[in-house]
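# Residue-level structural notes
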Amino acid sequence: MKEAVCYLLLVFLSSFAATVSLVACKQTYIVYMNTAHRTAAHPTHALWYEAHLRSLSIDPARHLLYSYSAAVHGFAAVLNPEQLPLLRRHPAVLNVHPDPLLPLHTTRSPHFLGLSPWPPAPSSRRHSLDPAAAAATDVVIGVLDTGVWPESPSFNDAGLPEVPFRWRGACEAGVDFPSSLCNRKLVGARSFGRGYRAAAGGGDADKPREEYASPRDRDGHGTHTASTAAGAPVANASLLGYASGVARGMAPGARVAVYKVCWTNGCYGSDILAGIDKAIEDGVDVLSLSLGGGSAPFSRDPVAVGAFSAVQRGIFVACSAGNSGPSLSSLTNTAPWITTVGAGTLDRDFPATVQLGNGERYAGVSLCSGAGLEDQMVPVVYGKGMQVGSNSSKFCMPGTLDPEQVKGKVVFCDRGINARVEKGQVVKEAGGVGMILANSAVNGEELVADSHLLPTVAVGAKSGDLIRDFVRTSSNPTAMLSFRGTVLGVQPSPVVAAFSSRGPNTVVPQLLKPDLIGPGVNILAAWSGSVGPTGLAKDERRSAFNIMSGTSMSCPHISGVAALLKAAHPDWSPSAIKSALMTTAYTDDNTGSPLIDDAGGSPATPWAYGSGHVDPQKALSPGLVYDIGTGDYLAFLCSLEYSTDHIQAISKSTNKTCSRRLSDPGNLNYPSFSVVFGRRSRRFVKYSRVLTNVGVPGSVYNVKVSGPPGVKVTVKPTKLIFNQVGQKLRPGEGQGSENRFFLSLSSRENMGGSSNVMPVISKIYCSSSPTTLTVRKRPHVINGGGFVVMNAGHGVVFVVEGCGILGVKGELALKDGDGGLILSISKRGGIAQALSTRRRWNGYLTDFEGRKKSVFSLTDPKCPMSNAIRIHLESSGGWDFQVNGSFVDRTCTIEDYRGDMVAQLGATDMVGGKELYQVTVQAGYDQAFIVGVLAVLDNIHGESTRC
């Protein structure tokens, strides 16, 4: 008898953040078409789309960018505002939305995951994954990213058989990329940049000169991810001597097809859809996308829509979860047909030490490639800027350090605002000889190694605070920096990376995301020959390999492992592969303790790691899988109350009715559970699941339940008996109730006190400021919390600040670009409620602490203060930005995922004896929407301004 353990991952939600997509004047739109209106007069989709545009007096030669057929039924076109109503009113058009701009989510790992050497030695053929690795030569992994550096040894095809006959891909020639560069490893390379060029103004003259109009990778990100998934073994690989060893991908025998969809400023949805469209036609088996924007309805998410069609064709799709952790609800790529991947650490580290003049030593990490600073003590400085009293020098921002005070010294820099590697460049250019880079509170003790341009040690937040205090208080602060190279067998590992985006899932809270985590910190893989390890223009070093961190790195690990499972089980569906990965994932580290969250050092939760850390060996033989078909996904979409047009746009289905819908989105046959209890209702939840036996005949499984305190969990039956392989057990089949699998949950207490809640809403101000929000404040008082909403596309600004629910009169409605209701705020029964016509935003707003009996009344003047500021700044492309820490003196900045400054709040003038503060959005981000928890200053008043 075979016994299995079912672990139920249960999470609870009480309120969710909302986002808005904006409409600009002239831009690219993605248009979804209803094929029921296509006639025999148009033999291809492309001809039909062109005819449709001409019927509306829109010249396809000038406006049409892409015609899609495999990924979606639709096209991408550059349109003027007056052309939009013509399209939206036409019965053949299902949906229209702006082209979003999505960011990238940026050797030891095969050994850490238990994968065998490649090619397997004859004596090691007993390794369970060897047959899968050998069969993977028939599997093609499509990587949508920044392209590829084909000369990298990671794409050597030595020992590989001929390309599978079924492969329909191509190697497209372009700038510095002849088609002869493809081989039996790199079997395809294409480039998609029409959306990028349209956004840049349309012509090649508007493109940065350093970009390659071809599949060639200038950035390095795409080369890194592709080689992580399926790179060939390369001996003696390292980054400047660090992480030395054999570098190889997860599935070194698999083939790679590269689709360049990302450019200098990110990845446009129209280009991504074009890449997915062609990848499906080419015949890829796995798709890997280390990119994504904010959380949006699936009908407005090109990655979700394209992935749906890919999964329909039997293609496994893995996407990165995002790098906006540890903030809650910071996930991207949350569709259930996508495998959403978070990031954890390896058991490898690059230790370094800071020794202060007082004898204290602090551990950190470094990838210093030259001589260290361990021969003698060197003076240390902090905040020595060109402008007295400026905080910018503390962050080592460009042009802020005073060379006279920095030359020949080690500079202490705070993490945040600008990129980590740029700080090192700033210090070096100012004459500094070394740098100590300290984490902020939000980064916690997470240590990410970078190959800086000068000797640098990165330290955690706790060590950083102590070092900073020493530098500030000592009359003659000094330090030495020493480096210890590469260390293996680090404990504990894995640890959940602080940057890894977290749940709960704001689009469908009944789905637990991320699905699982994989190695994503300090990963060695192939690199572009166009740029140095830092990616900075002034970095003249070149290396065939680089060490990078991000969910961008963890995603291709899962893609590669999925290729192995696909090779071992070619008859498994994408959902079966995902199920095998999730149900066999582990939640204990290599010390036998629960996984730790690097953000604060406490035990991690399912919102951080999903089902756990991937285990390729166990995933090969999961015993049971939770399978999901296209019909199940359609029933799921119907349960979300999406319109028929939106469901047709996502699924390409011509069915105009929801003949089948799930009673609850949580009843999708998903391998994990996320249960939402209401505050004073819905204290009982019942879900059902169907299991498929992929083990041996005669398998018997007993249920073991592990549930959270305060919740009673019941599973029926307690035993499942499978007589044959492929047998499914579903409700109503088999011998009575023993062949049913039902999960029932009941709350023993009011779950309204959950800690994952938004702050109370109080005052609301409206003005007509499209890109600038101007406020006045009493200086140096930090004791508020609230919301700021700046909607540039519609010229409306909402400021919600303070503590109680003062000033809420009647109702306030926030609407999206299509006029759909996003959020309504009203005072009912003394509670500010956030109600919506869209289920994903149902919920209440309560205080920071989420106390059960402390929802603020209409007159409560007090509220708790959070020094961790979170701001979502979402352009029409769904960018995600973050601000960490409280306001410092008179300046607060907002940075994007690369660390580039996006917006700044600072004193600009004195009016009537009061300081005038202004939030100014940087060039390139002038059409933006800000929503989030903003630590505001007391006595703020909104004012109308003009741009």
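Residues numbered from 1 in each chain as written. Predicted model: local features only at pLDDT ≥ 70, side-chain atom pairs only at ≥ 80, totals over all residues. Heavy atoms only, no water.

Looking up the chain in an unreviewed UniProt entry gives the name Peptidase inhibitor I9, with the organism given as Musa troglodytarum.

## Digging into the overall build of the chain
A count of helices and strands for the chain gives 18 helices and 49 strands. Looking at the chain as a whole, 62% of its 947 residues are labelled buried. Roughly 34600 Å² of accessible area belongs to the chain as shown, and the carbon and sulfur atoms make up 50% of that amount. (Helix = DSSP H or I, 4+ residues; strand = E, 2+ residues; numbered from the N terminus. Buried < 20%, exposed > 50% of the residue type's maximum accessible area, 1.4 Å probe, protein only. Areas by Shrake-Rupley, 256 points an atom, 1.4 Å probe, with all protein chains shown as cover.)

## Quick word on the pattern of salt bridges
Taken as a whole, this structure holds 19 salt bridges when the rule is applied. In this structure, Arg 216 engages Asp 176 in a salt bridge whose closest nitrogen and oxygen atoms are separated by 3.4 Å. Here Asp 176 lies in the loop between strand S6 (140-145) and strand S7 (186-191) and Arg 216 lies in the loop between helix H6 (194-199) and helix H7 (221-230), a separation of 40 residues in the sequence. Look at the salt bridges and you will find they share partners, linking Glu 151, Asp 176 and Arg 216 into a network. (Salt bridge = Lys/Arg side-chain N within 4 Å of Asp/Glu carboxyl O.)

## Topic: the sheet that holds strand S5 (residues 101-102)
With antiparallel pairing, the three strands of this open sheet are ordered in space as S5-S12-S11. Two strands bound the open sheet, and with one partner strand each, they are S5 and strand S11 (262-263). Relative to strand S12 (residues 266-268), S11 runs antiparallel, the two being bridged by two bridges. Across the sheet, Cys 262 pairs through a bridge with Cys 267, a residue of S12. Packed onto the sheet, helix H8 (residues 269-282) meets S5, S11 and S12 and runs at close to 70 degrees relative to S12. (Pairing = 2+ DSSP bridges. Contact = heavy atoms within 4.5 Å. Axes fitted to C-alpha atoms, helices over the stretch in contact; angles between N-to-C directions.)

## Some remarks on the pairing of strand S8 (residues 234-239)
Two strands pair when backbone bridges link them, and S8 and strand S9 (residues 242-247) are joined in this way by three bridges, in the antiparallel orientation. Opposite Val 234, over in S9, you have Ala 247 as the bridge partner. Adjacent in sequence and paired antiparallel, S8 and S9 are bridged by two residues, among which Leu 240 carries a positive phi angle near 55 degrees.

## Digging into the environment of Asp 219
Mapped onto the elements of the fold, Asp 219 is located in the loop between H6 and H7. For Asp 219, a relative accessible area of 35% puts it in the partly exposed group. Residues Asp 219 and Gly 535, 316 residues apart in the sequence, show an inter-C-alpha distance of 7.2 Å. The residues touching Asp 219, leaving out its near neighbours within four places in the chain, are Thr 146, Trp 527 and Val 531. A distance of 3.1 Å separates a polar side-chain atom of Asp 219 from the backbone nitrogen of His 221. (Polar contact = N/O pair within 3.5 Å; in protein donor to acceptor, adjacent residues only side chain to side chain.)

## Regarding the state of the cysteines
Joining two cysteines, a disulfide is a covalent bond between their sulfur atoms. Tallied over the full model, the rule gives four disulfides. A disulfide bridge connects Cys 262 with Cys 267, and the sulfur atoms are separated by 2.0 Å. Looking down the S-S bond of the Cys 262 and Cys 267 bridge, the torsion is 105 degrees, so its handedness is right-handed. Like Cys 267, Cys 262 is buried. With its sulfur 2.0 Å from that of its partner, Cys 638 forms a disulfide with Cys 658. Residues Cys 638 and Cys 658 share a disulfide whose torsion about the S-S bond is about -85 degrees; that sign makes it left-handed. With Cys 638 in helix H17 (residues 630-639) and Cys 658 in the loop between helix H18 (644-651) and strand S29 (684-688), this pair connects stretches of sequence that are 20 residues apart. In this model Cys 319 remains outside any disulfide bridge; the closest cysteine sulfur is found in Cys 555, 6.0 Å from its own. (Disulfide = S-S within 2.5 Å.)

## Observations regarding the nonpolar core
One finds Phe 298 and Trp 337 to be the most contacted residues of the largest nonpolar core, which totals 65 residues. Looking at this core, the element that brings in the most residues is helix H9 (residues 302-312), giving seven residues. Counting 40 residues, the second-largest nonpolar core is a separate cluster that includes Ile 141, Ala 251, Ile 558 and Ala 563. (Core = buried A, V, L, I, M, F, W, Y, C linked by side-chain atoms within 4.5 Å.)

## Quick word on helix H14 (residues 574-583)
Across the ten residues that make up H14, a large majority, nine, are buried. What H14 keeps buried is the set Pro 574, Ser 575, Ala 576, Ile 577, Lys 578, Ser 579, Ala 580, Leu 581 and Met 582.

## What to know about the packing of helix H13 (residues 551-568) against H14
The geometry of H13 relative to H14 is characterised by a closest axis approach of 10 Å and an angle of 115 degrees between their N-to-C directions. Between H13 and H14 lies a crossing of right-handed hand. Judged by residue contacts, Ile 558, Val 561, Ala 562, Leu 565 and Lys 566 of H13 engage Ile 577, Ala 580 and Leu 581 from H14. A class-by-class count of the residues in the contact of H13 with H14 yields seven nonpolar, no polar and one charged. (Left-handed = near helix turned anticlockwise from the far one by under 90°. Nonpolar A, V, L, I, M, F, W, Y, C, P; charged D, E, K, R; others polar.)

## Structural notes on the sheet that holds strand S10 (residues 255-260)
Sheet architecture is open: seven strands sit in the order S7-S10-S6-S13-S14-S15-S25, paired in parallel fashion. Taken across any chain shown, the strands that pair with only one partner, and hence form the sheet edges, are S7 and strand S25 (516-519). Looking at each pair of strands side by side, their axes are set apart by 25 degrees on average, direction ignored. In the packing of H13 onto the sheet, contacts are made with S6, strand S13 (286-289), strand S14 (316-320), strand S15 (339-344) and S25, and the angle to S15 comes to roughly 120 degrees. Against the sheet, H14 makes contact with S14, S15 and S25, and its axis sits at roughly 50 degrees relative to S14, the strand it touches most.

## Observations concerning the packing of aromatic side chains
Throughout the structure, instances matching the rule amount to 13 aromatic pairs. Here Tyr 49 and Phe 75 contribute two aromatic rings whose centre-to-centre distance is 5.5 Å and whose plane-to-plane angle is 45 degrees, an arrangement assigned as tilted. One end of the pair, Tyr 49, is in helix H1 (residues 45-55); the other, Phe 75, is in strand S3 (residues 74-79), with 26 residues separating them in the sequence. For the pair shown, Tyr 49 and Phe 75 are each scored as buried. With a centroid separation of 5.5 Å and 80 degrees between ring planes, the pair formed by Trp 337 and Tyr 633 is classed as edge-to-face. In this pair, Trp 337 sits in the loop between S14 and S15 while Tyr 633 sits in helix H17, placing the two residues 296 residues apart along the sequence. An identical accessibility class is assigned to Trp 337 and Tyr 633; each is buried. An aromatic cluster of at least three residues, connected via ring pairs, comprises Phe 298, Phe 308, Trp 337, Tyr 633 and Tyr 642. (Phe/Tyr/Trp six-rings, centres within 6.5 Å; stacked < 30°, edge-to-face > 60°.)

## Overview of helix H11 (residues 420-429)
Every buried residue of H11 is listed here: Val 421, Lys 423, Gly 424, Gln 425, Val 426 and Val 427. Against helix H10 (403-406), strand S20 (410-414) and strand S21 (434-438) lie the buried residues of H11. Residue Gly 431 follows H11 closely and has a positive phi angle near 100 degrees.

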